[in-house]
Every structure is written in structure tokens, then in C-alpha cells.
Amino acid sequence: MKELVEVIAKALVEHPDEVVVTEKESGRNITVELHVAPTDMGKVIGKQGRIAKAIRSVVKAASSKDNKKVDVEII
């Protein structure tokens, strides 16, 4: 999941070298933290959170076959 979030985020931002994705796993839950440059935060979140919601939906669909719950946090 980490790679998926990283590819999507790097395609959206102006400073792809500042994208950092970390993954924390605890049991069946995985938390993916996405760190971007402050100037790119709006591009990752989108108007009314639409892009962030889309990223979460794609990750949720990809993780459903692994039978794990994945949360994406944008920090």
C-alpha cells in the first residue's frame, strides 16, 4: 500500500522529492502516513477533500483482497 500511495501523491504534487510515505502495521490494521510539502497540501487534499477521499477509496479497494483495513492519514 505504501508504494501505491507514494505513486499517486508524487503524480499530484509540484515537489515530488518531498513526498514521504510511512507505513505502520498493527494486526489487521495498517496506517499509511503521507507527508508532503506545505505548499502541496491543498493539491493532495483537494476541494472539500475530494482527492484525499479518492486516494483512500483506491487504497481501500486495493487492500480488500488482502483482508486488511488500511487508513490513510495526510500529515
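Attention here is on the structure that accompanies the text. Because the structure is predicted, anything quoted here is derived from the model rather than measured. (Residues numbered from 1 in each chain as written. Predicted model: local features only at pLDDT ≥ 70, side-chain atom pairs only at ≥ 80, totals over all residues. Heavy atoms only, no water.)

## Considerations on the overall build of the protein
Summing up its helical and strand segments, the protein has three helices and three strands in all. When the helices and strands of the protein are listed from N to C terminus, the series reads α-β-β-α-α-β. Since a compact globule built from 75 residues should have a radius of gyration of about 11 Å, the 12 Å found for the protein is in line with a globular shape. Seen through its principal axes, the protein has C-alpha atoms that stretch 35 × 20 × 15 Å. Counting only residues that meet the buried cut, the protein has 27% of its 75 residues in that class. (Helix = DSSP H or I, 4+ residues; strand = E, 2+ residues; numbered from the N terminus. Rg over C-alpha atoms; globule rule 2.2 N^0.38 Å. Buried < 20%, exposed > 50% of the residue type's maximum accessible area, 1.4 Å probe, protein only.)

## Focus on the side chain of S63
With respect to the secondary-structure elements, S63 resides in helix α3 (residues 50-63). A relative accessible area of 3% means that S63 is categorised as buried. Sequence-distant contacts of S63, defined by excluding residues within four places in its chain, comprise M1, K68 and V70. (Contact = heavy atoms within 4.5 Å.)

## Concerning the pattern of salt bridges
Here the structure, examined in full by the defined rule, presents five salt bridges. One salt bridge connects E6 with K10, and the closest N-O pair in it is separated by 3.2 Å. Here K10 and E6 lie together in helix α1 (residues 2-12), a separation of four residues that amounts to about one turn. For E6, a relative accessible area of 25% translates into the label partly exposed. Relative accessible area serves as the criterion here: at 36%, K10 is assigned to the partly exposed category. Among the salt bridges present, the one from E25 reaches K68, with a minimum N-O distance of 2.6 Å. Of this pair, E25 sits in strand β1 (residues 20-26) while K68 sits in the loop between α3 and β3 (69-74); the two residues are 43 residues apart in sequence, bridging distant segments of the chain. For K68, a relative accessible area of 31% translates into the label partly exposed. (Salt bridge = Lys/Arg side-chain N within 4 Å of Asp/Glu carboxyl O.)

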